[in-house]
Amino acid sequence: MEGVLWKWTNYWNGWQTRWFVLENGILSYYKSQEEVNQGCKGSVKVSVCQINVNNIDNTRLDLVIPGQQHMYLRAPSPQDRQKWLVALGSAKACVDSVLDSKGSGIEDSLTHKKSELHLYCDLLMQQVHAMKSAANSEGGPEIQKIEDASSLLTATCDTFIRTLEDIMKLTLTTGINPTVYEMPVPNLTMTKNNSNKPKPVNRSLSQENR
């Protein structure tokens, strides 16, 4: 998958458009589509990232390598963000499913799958909230917004169910008790402290202006 995303650079330059390419589990970005042949400005392995969604801005998605790197992104629309989230989640799933002949790494795969369920739970709650807001609008139900949110909700539900099926296959194969892996609790925090501007983090200068 490839396309334009806005990337947070720093507080001087703010959000800047970049061309992103997701291929073979690697998310790379370039200054523009025309400059792809000149080499990427940065890349990250999806398998080591936490994928976070913003509860206020329905176009935001953040990739986090704990203690190392934060990549704050915005999609052109909620629909585009949905496509990227599904693609990124699928990329993580593909990497997690590659196990050696001894079956080592299965518990790590289950941990990653649980993390994905948390992500999809947050998306489901956000999309249900969007539908409720559109349905209870002061001027009457906003039909187009309801239809858009419904379409996103359907896609998220499908992805959520597929992830659950993957977890069941892994637990049945290994004999691990699936009750050990509790259902994720959605993040219901909807505070005004979350803004479009990311909080400052300790990152290397090489990433700041890219």
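About the thresholds
- Residues numbered from 1 in each chain as written.
- Predicted model: local features only at pLDDT ≥ 70, side-chain atom pairs only at ≥ 80, totals over all residues.
- Heavy atoms only, no water.
- Helix = DSSP H or I, 4+ residues; strand = E, 2+ residues; numbered from the N terminus.
- Contact = heavy atoms within 4.5 Å.
- Areas by Shrake-Rupley, 256 points an atom, 1.4 Å probe, with all protein chains shown as cover.
- Buried < 20%, exposed > 50% of the residue type's maximum accessible area, 1.4 Å probe, protein only.
- Core = buried A, V, L, I, M, F, W, Y, C linked by side-chain atoms within 4.5 Å.
- pLDDT = per-residue confidence, 0-100.
- Phe/Tyr/Trp six-rings, centres within 6.5 Å; stacked < 30°, edge-to-face > 60°.
- Pairing = 2+ DSSP bridges.
- Axes fitted to C-alpha atoms, helices over the stretch in contact; angles between N-to-C directions.
- Polar contact = N/O pair within 3.5 Å; in protein donor to acceptor, adjacent residues only side chain to side chain.

## Brief notes about the overall build of the protein chain
Okay, step 1: A count of helices and strands for the protein chain gives 4 helices and 7 strands.
Okay, step 2: Its helices and strands in sequence order give the protein chain the pattern β-β-β-β-β-β-β-α-α-α-α, from N to C terminus.
Okay, step 3: Once local pairs closer than 6 in sequence are excluded, the contacts in the protein chain between residues at least 24 apart make up 55%.
Okay, step 4: A total accessible area of about 12,000 Å² is found for the protein chain, and carbon and sulfur atoms account for 52% of it.

## Details of the environment of Tyr 120
Okay, step 1: Tracing the chain through its elements places Tyr 120 in helix H2 (residues 106-135).
Okay, step 2: A residue is classified by how much of its surface remains accessible, and Tyr 120, at 2% relative accessible area, is buried.
Okay, step 3: For the pair Tyr 120 and Cys 157, spaced 37 residues apart in sequence, the C-alpha to C-alpha distance is 8.0 Å.
Okay, step 4: Among residues more than four places away in sequence, those in contact with Tyr 120 are Gly 89, Thr 156, Thr 159, Phe 160 and Thr 163.

## Examining the nonpolar core
Okay, step 1: The biggest cluster of nonpolar side chains holds 32 residues, and the ones touching the most others in it are Phe 20, Leu 22, Leu 27, Leu 63, Met 71, Leu 73 and Leu 88.
Okay, step 2: The set of elements that each furnish at least two residues to this core consists of strand S2 (14-23), strand S3 (26-30), strand S5 (50-53), strand S6 (60-65), strand S7 (69-74), helix H1 (78-96), H2 and helix H3 (143-174).
Okay, step 3: Per-element tally for this core: the top contributor is H2, with 7 residues.
Okay, step 4: Once residues lying within four places of it in the same chain are set aside, the contact partners of Phe 20 are Met 1, Glu 2, Gly 3, Leu 5, Lys 7, Leu 27, Ser 28, Tyr 29, Met 71, Leu 73 and Trp 84.

## A closer look at the confidence of the model for the protein chain
Okay, step 1: Across the protein chain, the average pLDDT comes to 76, with 73% of residues at or above 70.
Okay, step 2: Low confidence marks residues 188-195, where pLDDT is under 50. Its contacts with residues over four positions away, or in another chain, come to 10 contacts.

## Thoughts on the packing of aromatic side chains
Okay, step 1: Counted under the stated rule, the structure contains 3 aromatic pairs.
Okay, step 2: Geometrically, the ring pair formed by Trp 8 and Tyr 11 is edge-to-face, given 5.0 Å between the ring centres and 80° between the ring planes.
Okay, step 3: Looking at Tyr 11, the relative accessible area reads 48%, which means it is partly exposed.
Okay, step 4: Counting every residue linked through ring pairs, the aromatic cluster contains Trp 8, Tyr 11 and Trp 15.

## Looking at unusual backbone geometry
Okay, step 1: Non-glycine residue Asn 24 carries a positive phi angle of around 55°.
Okay, step 2: The residue Asn 24 is located in the loop between S2 and S3 in this model.

## Describing the sheet that holds strand S4 (residues 42-45)
Okay, step 1: Spatially, 7 strands are ordered S4-S3-S2-S1-S7-S6-S5 in an open sheet, and the strand pairing comes out antiparallel. In the strand order of this sheet, the two ends are held by S4 and S5, each with one partner. Pairs of neighbouring strands in the sheet enclose a mean axial angle of 35°, with direction left out of account.
Okay, step 2: Inspection of the sheet shows S3 paired to S4 by 4 bridges, in the antiparallel sense. Each residue of the ladder has a partner; that of Ile 26, found in S4, is Lys 45.

## Remarks on the side chain of Asp 57
Okay, step 1: Here Asp 57 is to be found in the loop between S5 and S6.
Okay, step 2: On the basis of relative accessible area, Asp 57 is assigned to the buried category, the value being 9%.
Okay, step 3: Separated by 2.7 Å, the side chains of Asp 57 and Thr 59 make a polar contact.

## A short note on the pairing of S2
A regular strand places its side chains so that they alternate between the two faces of the sheet.
Okay, step 1: The buried fraction of S2 is high, at 7 of 10 residues.
Okay, step 2: Bridge count for strand S1 (residues 2-10) against S2 is 8 bridges, and the pairing is antiparallel. Residue Trp 8 lies in a different strand from S2, and its bridge partner there is Trp 15.
Okay, step 3: Hairpin remark: S1 followed by S2, antiparallel, with 3 residues in the connecting loop.
Okay, step 4: Both S2 and S3 contribute to a ladder of 5 bridges, which runs antiparallel. Looking across to S3, one finds that Leu 22 is bridged to Leu 27.
Okay, step 5: Hairpin connection of S2 to S3: 2 residues between the antiparallel strands, including Asn 24 at a positive phi of 55°.

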